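Examination of the molecular architecture
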Amino acid sequence: TEEYRKEAGNMIQTMLKMHPNGLFILWTKTSLLRSQRKHEEAIKVARIADKVCKDAPALAMMSEWQSGWCNMLLLRWHECKLCFLTILKSEHKATEDGVPGFYCYVAGLSAINSGEYDEGYELLVRVKKEAKNHDIPHEQYAVRKADKILKILDREKKKTDDK
């Protein structure tokens, strides 16, 4: 509820006064701002956290993740694509248990929505290869949807080639 969000915001502000570069506190603030639909502000806080995260790659990825979703909600497709590509590049170094296929799928969709069709198509083709653990629902979803979108794009390309 709004009352709890306000209380959480006050607590986060108090903690930030004591620990201005507290990564987890900054990340929590980003999450709270995103839940309050303050996406611009959430992106700014995520960028601050990202700059401080030099020694914490997992938290840096979490900051990119927050920025990616905020940019998507603001329909900033190019910026969203860049965030998820950054995660995709670092995902392999940080953990083997992540969902790189899903990140590749979101980056591909974002590229297509920003008008970068060739790059988006290439990213969607990569989804199946990038998906490491097909038992994870995010990866299953990404593979299924990427295949479906690729079939649609191929049909559309064939129609325009036939004309």
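Provided above is the structure to which this section pertains.
A few points on the structure.

Conventions used here
Residues numbered from 1 in each chain as written. Predicted model: local features only at pLDDT ≥ 70, side-chain atom pairs only at ≥ 80, totals over all residues. Heavy atoms only, no water. Disulfide = S-S within 2.5 Å. Patch = residues over 30% accessible without salt bridge, like charges linked within 9 Å, V, L, I, M, F, W, Y side chains within 5 Å. Areas by Shrake-Rupley, 256 points an atom, 1.4 Å probe, with all protein chains shown as cover. Salt bridge = Lys/Arg side-chain N within 4 Å of Asp/Glu carboxyl O. Helix = DSSP H or I, 4+ residues; strand = E, 2+ residues; numbered from the N terminus. Buried < 20%, exposed > 50% of the residue type's maximum accessible area, 1.4 Å probe, protein only. Phe/Tyr/Trp six-rings, centres within 6.5 Å; stacked < 30°, edge-to-face > 60°.

1. What to know about the state of the cysteines
- Taken as a whole and assessed by the stated rule, the structure comprises zero disulfides.
- A disulfide-free cysteine, Cys 80 has its sulfur positioned 6.6 Å from the sulfur of Cys 83, the nearest such atom.

2. Re a nonpolar patch on the surface
- Judged by side-chain polarity, Met 11, Met 15 and Met 18 come together as a nonpolar surface patch covering roughly 310 Å² of accessible area.
- For Met 11, the position within the fold is in helix H1 (residues 2-18).
- For Met 11, a relative accessible area of 55% gives the class exposed.

3. Considerations on the packing of aromatic side chains
- Tallying each qualifying case throughout the model produces seven aromatic pairs.
- Residues Trp 69 and Phe 84 carry aromatic rings whose centres are separated by 5.3 Å and whose planes lie at 75° to one another, so their mutual orientation is edge-to-face. Here Trp 69, found in helix H4 (residues 57-73), pairs with Phe 84, found in helix H5 (residues 77-94); they are 15 residues apart in sequence, far enough to count as distant. As far as burial versus exposure is concerned, Trp 69 and Phe 84 are alike and both buried.
- The interplanar angle of 35° and the centroid separation of 6.4 Å between the aromatic rings of Trp 69 and Phe 102 together place this pair among those described as tilted. Of this pair, Trp 69 sits in helix H4 while Phe 102 sits in helix H6 (residues 100-113), placing them 33 residues apart in sequence. Taken as a pair, Trp 69 and Phe 102 share a single burial class, namely buried.

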